[in-house]
Amino acid sequence: MSVMIYGAACSSTRKAKEWFRKNHIDFVERNILKEPLTVPELQQILSRTVEGTEEIISTRSKVYKELNVDIDSLPLQELLELIHKHPRLLRSPIMLDEKRLQVGFHIDDIRQFLPRKTRERQWNNWRMNYLPMTEIVK
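### As for helix H2 (residues 39-47)
The α-helix advances 3.6 residues per turn, and as a result positions three or four apart in sequence lie on the same side.
Line of reasoning, step 1. Every buried residue belonging to H2 is among Val 39, Leu 42, Ile 45 and Leu 46, and all of these are buried. In an axial view of H2, the angular spread of the buried residues amounts to 120°, which keeps them on one side of the axis. Residues Pro 40 and Ser 47 are exposed on H2 and point more than 90 degrees away from its buried face.
Line of reasoning, step 2. On its buried side, H2 packs onto strand S1 (3-7), helix H3 (53-56), helix H5 (76-85), strand S3 (94-96) and strand S4 (101-103).

Okay, here's the thing in structure tokens:
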């Protein structure tokens with residue numbers, strides 16, 4: 001299993017790559033500024049979001065403010081072409097594998113990419129170290 005990391009050269013992308021390395025999870029990185037996502041790739045990412053374009057667009061980015069476009073009024077195809085043309089419109093990083101999608105680096109959420117057995121082992125270790133024995137017995 002390999003995770004795809006789409007991102008710009010920013011601190012969030014660096015943190016994500018560092019986390020994957022530390023946890024021995026294979027990943028493939030793609031700098032979206034040097035190699036922008038294609039419209040079909042953007043469609044694939046959008047198909048896996050919960051909140052649609054709101055989840056992947058960086059409304060705080062400089063390019064978003066400079067474009068001064070009402071993104072909500074654009075037809076989807078035009079919006080995807082705009083994102084392809086201006087990749088800084090995307091939040092960074094966007095990480096996905098066969099089952100999961102995460103936008104932005106969040107230390108608690110990124111754990112979803114750990115194999116289930118690893119998460120279970122970490123949870124059991126945490127329980128043994130931090131819960132009183134009476135809680136574990138229940």
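### A few points about the nonpolar core
Line of reasoning, step 1. Core analysis: the largest hydrophobic core is formed by 22 residues, its most contacted members being Tyr 6, Leu 37, Ile 45, Ile 56, Ile 83, Leu 90 and Ile 94.
Line of reasoning, step 2. Sorting the residues of this core by element identifies S1, H2, H5, S3 and S4 as the ones contributing at least two each.
Line of reasoning, step 3. With residues near it in sequence (within four places) discarded, Ile 56 still touches Ile 45, Leu 46, Thr 49, Leu 89, Leu 90, Arg 91, Ile 94 and Val 103.
Line of reasoning, step 4. Counting residues in each nonpolar core, the second largest holds eleven residues, with Val 3, Ile 5, Trp 19 and Ile 110 among its members.

### Quick word on helix H1 (residues 11-22)
Line of reasoning, step 1. An ideal rise of 1.5 Å per residue puts 16 Å on twelve residues; H1 measures up with 16 Å between its terminal C-alpha atoms.
Line of reasoning, step 2. Among the residues of H1, Thr 13, Ala 16, Lys 17, Trp 19 and Phe 20 are the ones counted as buried. Along the axis of H1, the buried positions cluster into a sector of 160°, meaning they face one direction only. Summarising the geometry of H1, the exposed residues directed more than 90 degrees from the buried face are Glu 18, Arg 21 and Lys 22.

### Overview of a negative patch on the surface
Line of reasoning, step 1. A surface patch of negative charge is lined by Glu 51, Glu 54, Asp 70 and Asp 72.
Line of reasoning, step 2. Positionally, Glu 51 belongs in the loop between H2 and H3.

### Description of the sheet that holds S4
Line of reasoning, step 1. Pairing within the open sheet is mixed, and its four strands lie in the order S2-S1-S3-S4. Edge positions in the open sheet fall to strand S2 (27-31) and S4, since each of these has one partner strand only. Between one strand and the next, the sheet's axes are offset by a mean angle of 15°, whatever the strand orientation.
Line of reasoning, step 2. Looking at chain direction, S1 and S2 are connected through five bridges and run parallel. Paired with Val 3 across the two strands is Phe 27, which belongs to S2.
Line of reasoning, step 3. Sitting on the sheet, H2 is in contact with S1, S2, S3 and S4, with an inclination near 75° to S3.

### Quick notes on the side chain of Asn 31
Line of reasoning, step 1. For Asn 31, the location among the structural elements is in strand S2.
Line of reasoning, step 2. Among the polar contacts made by the side chain of Asn 31, one reaches the main-chain amide nitrogen of Leu 33 at a distance of 2.8 Å.
Line of reasoning, step 3. Asn 31 has contacts with Gly 7, Ala 8 and Ala 9, leaving out every residue within four places of it along the chain.

### Some details on the pairing of S1
Line of reasoning, step 1. A large share of S1 lies buried, amounting to five of its five residues.
Line of reasoning, step 2. Neither face of S1 is left uncovered, since the one carrying Val 3, Ile 5 and Gly 7 and the one carrying Met 4 and Tyr 6 both have all their residues buried.
Line of reasoning, step 3. Between S1 and its parallel partner S2, the chain crosses via H1, and the hand of that crossover is right-handed.
Line of reasoning, step 4. Taken together, the three bridges between S1 and S3 define a ladder with antiparallel strand orientation. By the bridge assignment for S3, Tyr 6 is matched with Ile 94.

Conventions and cut-offs
Residues numbered from 1 in each chain as written. Predicted model: local features only at pLDDT ≥ 70, side-chain atom pairs only at ≥ 80, totals over all residues. Heavy atoms only, no water. Buried < 20%, exposed > 50% of the residue type's maximum accessible area, 1.4 Å probe, protein only. Helix = DSSP H or I, 4+ residues; strand = E, 2+ residues; numbered from the N terminus. Arc of directions from axis to C-beta. Contact = heavy atoms within 4.5 Å. Core = buried A, V, L, I, M, F, W, Y, C linked by side-chain atoms within 4.5 Å. Expected span 1.5 Å × (residues − 1). Patch = residues over 30% accessible without salt bridge, like charges linked within 9 Å, V, L, I, M, F, W, Y side chains within 5 Å. Areas by Shrake-Rupley, 256 points an atom, 1.4 Å probe, with all protein chains shown as cover. Salt bridge = Lys/Arg side-chain N within 4 Å of Asp/Glu carboxyl O. Lys, Arg positive; Asp, Glu negative; His and termini not counted. Charge placed at Lys NZ, Arg CZ, Asp CG, Glu CD. Pairing = 2+ DSSP bridges. Axes fitted to C-alpha atoms, helices over the stretch in contact; angles between N-to-C directions. Polar contact = N/O pair within 3.5 Å; in protein donor to acceptor, adjacent residues only side chain to side chain. Right-handed = clockwise from strand over helix to strand, strands pointing away.

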